[in-house]
Amino acid sequence: MKIRVINPNTTASMTAAIGAAARAAAAVGTTIEAVNPSFGAPSIEGHFDDVWAAAGVAEQVHAGEAAGADAYVIACFGDPGLHAARERAIGPVIGIAEAAFHAASLLATGFSVVTTLTRTCVIAEHLVAQYGFERRCRGIHGTDIKVLELDDPKSDAFARILTCAEQALVADRSGAIVLGCAGMADLCHALQQRLGVPVIDGVGAAVKLAEMLVSLGLATSKRGDYAAPLAKVYAGLAGPWSPGSPGSPP
Ligand code: 5HY
């Protein structure tokens, strides 16, 4: 099967790192295609970045349908454009936040989220409520590390995330940690070793959920609000992505 893993920001090195994390989780026989939009923010750290990220996800799902993707992963913790992507795609579309929440809930009665900027915690709070995890998510904590500083040794990211997670486990009385950024995937194993609790990277969790659904012959429901978008001609720069336009993929 082919899973299109979309990094909704435009930083190519982060797309490559996300692709590596996805391939490390993928089963034999699963091809991972790691992509990012041709436009938008280099990192997604707030509502304004998020709206362009959602448009970029729409661009990449439109392309994925033409390329025969069997499923999609939206590799950004805000799950931008998730519902639009499920309208447009035939196969399953999994956001890394939703995937991580589900995985954590199978491993502990309560989990904590450790993310990047504190200002983005509200986005995770909205997702917890939207997905129905209020009773399982016991806290959401920012480290105030910028997304693109995660790989910078000067940011001391690992130590800061570890300290934040240790404090969250105590303060929240939680049993698992969800990493609140696709860029934290490479820290997951080392953090789990140090913390002694399950640490969930949403990229890996989303890849395995997508594989499970596709291998069970399951796809996004096309009854109701996830039915294909109504055919219409979009104006301006959105024109090439008009749903149901001549020549557009099924
Ligand atoms: C992410 N931003 O996973 C989110 C993390 C965040 O560019 N990739 C981004 O801070 O919400």
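A. Fine view of the overall build of the protein chain. Check the secondary structure of the protein chain and you find eight helices and eight strands. Computed over C-alpha atoms, the radius of gyration of the protein chain comes to 18 Å, within 12% of the 18 Å expected from 2.2 N^0.38 for 250 residues, which places it in the range of a compact globule. Dimensions of the protein chain, computed from the C-alpha atoms along their principal axes, are close to 55 × 35 × 35 Å. Taken over 250 residues, the protein chain has a buried fraction of 52%. Considering only intrachain contacts with a sequence separation of at least 6, the fraction spanning at least 24 residues in the protein chain is 68%. A total of about 11200 Å² of accessible surface is found on the protein chain, and carbon and sulfur atoms cover 59% of it. Mean positive and mean negative side-chain charge positions of the protein chain (18 and 23 charges, respectively) differ by 5 Å.

B. Expanded view of the nonpolar core. Counting 71 residues, the largest nonpolar core has Phe101, Phe111, Ile161, Ile177, Val178 and Leu195 as its most contacted members. Viewed by domain, this core spans two of them, domain 1 (2–95 + 205–241) and domain 2 (97–201), each represented by three or more residues. Not counting residues up to four positions away in its chain, the partners in contact with Phe101 are Phe77, Phe111, Val113, Leu127, Val128, Tyr131, Phe133 and Val178.

C. Unusual backbone geometry, seen in detail. Positioned with a positive phi, Asp79 is a non-glycine residue whose angle comes to about 45°. Here Asp79 lies in the loop between β3 (71–74) and α3 (82–88). Here the phi dihedral of Asp144 falls at roughly 60°; this positive angle occurs in a residue that is not glycine. If you trace the backbone, Asp144 turns up in the loop between β6 (137–142) and α6 (157–172). Taking the relative accessible area as the measure of exposure, Asp144 reaches 43% and is therefore partly exposed.

D. Geometry of empty space enclosed by the protein. Per the counting criterion, the structure on display carries one cavity of 30 Å³ or more. Taken as a whole, the largest cavity encloses approximately 230 Å³ of empty space. Around the largest cavity, the lining comprises 22 residues; the ones closest to its centre are Ile44, Cys76, Phe77, Gly78 and Gly180. A total of three residues in the lining of the largest cavity trace back to one element, the largest contributor, which is helix α5 (residues 121–131).

E. Representation of the sheet that holds strand β5 (residues 111–115) within the structure. Taken together, four strands build an open sheet; the order of strands is β6-β5-β7-β8 and the sheet is parallel. At either margin of the open sheet sits one strand with a lone partner, and together these are β6 and β8 (199–200). Of the strand pairs in this sheet, strand β7 (residues 176–179) and β8 are connected by two bridges, and their pairing is parallel. For Ile177, the partnering residue across the bridge sits in β8 and is Val199. This element, helix α4 (residues 96–105), spans β5, β7 and β8 of the sheet and lies at about 145° to β5. On top of the sheet, α6 reaches β5, β6 and β7; it is set at about 150° to β6, its chief contact.

F. Structural view of the packing of α4 against helix α8 (residues 202–215). As a packed pair, α4 and α8 sit with axes 8 Å apart at the nearest point and diverge in direction by 85°. One element, α4, and the other, α8, form an angle in the roughly perpendicular class. Contact with α4, carried on its side by Ile96, Ala99, Ala100 and Ala103, involves Gly202, Val203, Ala205, Ala206 and Leu209 of α8 and no other residues of that element. Residue composition of the contact of α4 with α8, grouped by class: eight nonpolar, one polar and no charged.

Definitions and cut-offs
Residues numbered from 1 in each chain as written. Predicted model: local features only at pLDDT ≥ 70, side-chain atom pairs only at ≥ 80, totals over all residues. Heavy atoms only, no water. Helix = DSSP H or I, 4+ residues; strand = E, 2+ residues; numbered from the N terminus. Rg over C-alpha atoms; globule rule 2.2 N^0.38 Å. Buried < 20%, exposed > 50% of the residue type's maximum accessible area, 1.4 Å probe, protein only. Contact = heavy atoms within 4.5 Å. Areas by Shrake-Rupley, 256 points an atom, 1.4 Å probe, with all protein chains shown as cover. Lys, Arg positive; Asp, Glu negative; His and termini not counted. Charge placed at Lys NZ, Arg CZ, Asp CG, Glu CD. Core = buried A, V, L, I, M, F, W, Y, C linked by side-chain atoms within 4.5 Å. Domains from an automatic or database assignment. 1 Å grid on protein atoms, 1.4 Å probe; cavity = no way out; pocket = protein on both sides within 12 Å on 5 of 7 lines; lining within 4 Å. Points joined across faces, edges and corners; volume = space filled by probe spheres on them. Pairing = 2+ DSSP bridges. Axes fitted to C-alpha atoms, helices over the stretch in contact; angles between N-to-C directions. Parallel < 35°, antiparallel > 145°, perpendicular 65-115°, else oblique. Nonpolar A, V, L, I, M, F, W, Y, C, P; charged D, E, K, R; others polar.

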